[in-house]
Amino acid sequence: MAKRDFYEVLGVARNASEADIKKAYRRAAQKYHPDRNPDSAEAEDKFKEAKEAYEILTNSQKRAAYDQFGHAGVDTSAAGGAGPGAGFGGGNFSDIFGDVFGDIFGGGRAGGSGANVYRGADLRYNLDLSLEEAFAGTTVKIRVPTHVTCKTCHGSGAKKGTSPITCTTCGGRGQVRIQQGFFSLQQTCPQCHGKGSVIKDPCGTCHGQGRIKEQKTLSVKIPAGVDTGDRIRLAGEGEAGENGGPAGDLYVQIKVRPHAIFSREESDLFCEVPISFTSAVLGGELDVPTLEGRVKLKIPPETQTGKMFRLRGKGVKSVHGGGIGDLMCRVEVETPVNLNRKQKELLEEFQRSMEEGDGKHSPRTSRWFDGVKKFFEDMKF
């Protein structure tokens, strides 16, 4: 009988991603797995069919050959007589089940031995940066405590010159099957704890673990514009896997320290600029800082406290894209302190001249007092 199209078998489009293919395979494997259909030859055939389609379509070279030549490009039986069981791990359905679902629970099956392999744990490193470092980007060296593959035994856990031996309890599968009435249960082998092998002569360096704990130094490139909460992923720099499993990832968590002058909101910077009473009244220019140097800020006459000035393009360019933010300068009029007698006399004279203006020099003050007067009249205090 002619083989069905592999994409049709898994129910995916021809341009499907590897992740989509894996999801489709899991669905098919769950539905047709022999353990769920013990007396169904049809389910067994469909399970094999899905397995073959999965193995071809998740291998970039085989998939390219299949896309170009169809089944003829990947037909292993025509090349060497491997037969219908080729590509299925010898038809061992418990091993296949581990291949499908192992990565869901943090592990999988390894090669022909059937031993469980486990991906290493992901790690997190909290990195504090100054605002200047976050603005410009930098490269920092960090030291991370982690488990790494033992160099003495190369991760096997066995003494140099020896090798782990196949577990006699589970036959190297890492799992044993227990019959309970009508049900057949599969559980981790109590002898090898799911590894599929046991170590008679442990490595003296790692004591049979295959991994040792050490601190490694990494150079981390911090892109310009990062902010608190951003995370940088270093693939494969987490803990080493077990039984040849892949290493986990390291996530560098960014926290930008508070700054003495600036605060940040997304791409914009904010700062408060104190100005003198006379500068607020008469106007003028003053130097204000930015993360790239000084700039002139022009203060118009009669500026009120709390007035916000925008310096365009003097903020931060976010690492997530978009334009450069602005610097928002909020002026605060500072009340003079520690006045001498002459300065006080001058201010008293100034105050008298202000009062002669009948409120026109202080319109907000006049409006406020008018409102207070009306309030008292209305309340009949």
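Rules of the game
- Residues numbered from 1 in each chain as written.
- Predicted model: local features only at pLDDT ≥ 70, side-chain atom pairs only at ≥ 80, totals over all residues.
- Heavy atoms only, no water.
- Salt bridge = Lys/Arg side-chain N within 4 Å of Asp/Glu carboxyl O.
- Helix = DSSP H or I, 4+ residues; strand = E, 2+ residues; numbered from the N terminus.
- Buried < 20%, exposed > 50% of the residue type's maximum accessible area, 1.4 Å probe, protein only.
- pLDDT = per-residue confidence, 0-100.
- Contact = heavy atoms within 4.5 Å.
- Core = buried A, V, L, I, M, F, W, Y, C linked by side-chain atoms within 4.5 Å.
- Pairing = 2+ DSSP bridges.
- Axes fitted to C-alpha atoms, helices over the stretch in contact; angles between N-to-C directions.
- Parallel < 35°, antiparallel > 145°, perpendicular 65-115°, else oblique.
- Nonpolar A, V, L, I, M, F, W, Y, C, P; charged D, E, K, R; others polar.
- Phe/Tyr/Trp six-rings, centres within 6.5 Å; stacked < 30°, edge-to-face > 60°.
- Lys NZ or Arg CZ within 6 Å of the ring centre and 35° of its normal.

### Some details on the pattern of salt bridges
Moving on, step 1. Under the definition given, this model contains 20 salt bridges.
Moving on, step 2. With a shortest N-O distance of 3.5 Å, Glu-55 and Lys-51 are connected by a salt bridge. Here Glu-55 pairs with Lys-51, and both are found in helix α3 (residues 41-57), just 4 residues apart, close to one helical turn.
Moving on, step 3. For Lys-51, a relative accessible area of 4% translates into the label buried.
Moving on, step 4. Residue Glu-239 is joined to Arg-211 by a salt bridge in which the shortest nitrogen-to-oxygen separation is 3.8 Å. Taken together, the positions of Glu-239 in the loop between β10 (231-234) and β11 (250-256) and Arg-211 in strand β9 (residues 211-222) put the pair 28 residues apart, joining distant regions of the chain.
Moving on, step 5. By relative accessible area, which is 17% here, Arg-211 ends up buried.
Moving on, step 6. What emerges from the salt-bridge pattern is a single network uniting Arg-119, Asp-122, Arg-233 and Asp-249.

### Regarding the confidence of the model for the chain
Do not read the predicted coordinates in detail wherever pLDDT is low.
Moving on, step 1. The share of residues in the chain with pLDDT of 70 or more is 83%, and the mean pLDDT across the chain is 80.
Moving on, step 2. In this model residues 76-115 is a low-confidence stretch, pLDDT under 50, and it forms 73 contacts with partners more than four residues away in sequence or in other chains.

### Regarding unusual backbone geometry
Moving on, step 1. In this structure, His-207 is a non-glycine residue whose phi angle is positive, near 60 degrees.
Moving on, step 2. Position of His-207 among the secondary structure elements: in the loop between β8 (197-198) and β9.
Moving on, step 3. A residue is classified by how much of its surface remains accessible, and His-207, at 61% relative accessible area, is exposed.
Moving on, step 4. Although it is not a glycine, Asn-338 sits at a positive phi angle of roughly 55 degrees.
Moving on, step 5. Structurally, the position occupied by Asn-338 is in the loop between β17 (327-334) and α9 (341-355).
Moving on, step 6. A residue is classified by how much of its surface remains accessible, and Asn-338, at 77% relative accessible area, is exposed.

### Things to note about the nonpolar core
Moving on, step 1. In this structure, Ile-142, Ile-222, Val-252 and Ile-254 are the most contacted members of the largest nonpolar core, which totals 37 residues.
Moving on, step 2. With sequence-adjacent residues up to four places away left out, Ile-222 is seen in contact with Leu-127, Leu-129, Gly-137, Thr-138, Val-140, Ile-232 and Ile-254.
Moving on, step 3. Membership of the second largest hydrophobic core comes to 22 residues, among which are Leu-10, Phe-47, Leu-57 and Tyr-66.

### Remarks on the pairing of strand β16 (residues 308-311)
Moving on, step 1. Burial along β16 is one-sided: Phe-309 and Leu-311 are buried, and none of Met-308 and Arg-310, which face the opposite way, are.
Moving on, step 2. Taken together, the 4 bridges between β16 and β17 define a ladder with antiparallel strand orientation. Note on β17: the bridge partner recorded for Arg-310 is Met-328.

### Quick look at the packing of α3 against helix α4 (residues 60-69)
Moving on, step 1. Running from N to C, α3 and α4 cross one another at 105 degrees; their axes reach a closest spacing of 6 Å. With respect to α4, the axis of α3 lies roughly perpendicular. Where α3 approaches α4, its residues Glu-55, Ile-56 and Leu-57 are matched on the opposing element by Lys-62, Arg-63 and Tyr-66.
Moving on, step 2. Within the contact of α3 with α4, the residues separate by chemical class into 3 nonpolar, no polar and 3 charged.

### Digging into the packing of aromatic side chains
Moving on, step 1. Applying the stated criterion across every chain, the model contains 4 aromatic pairs.
Moving on, step 2. Site record: aromatic cluster; members linked through ring pairs are Phe-6, Tyr-7 and Tyr-66.
Moving on, step 3. Above the ring of Phe-309, the side-chain terminus of Lys-307 is found at 5.9 Å from the ring centroid.

### Re the environment of Gly-245
Moving on, step 1. Positionally, Gly-245 belongs in the loop between β10 and β11.
Moving on, step 2. Along the backbone, Gly-245 and Gly-120 are 125 residues apart, and their C-alpha atoms lie at a distance of 7.0 Å.

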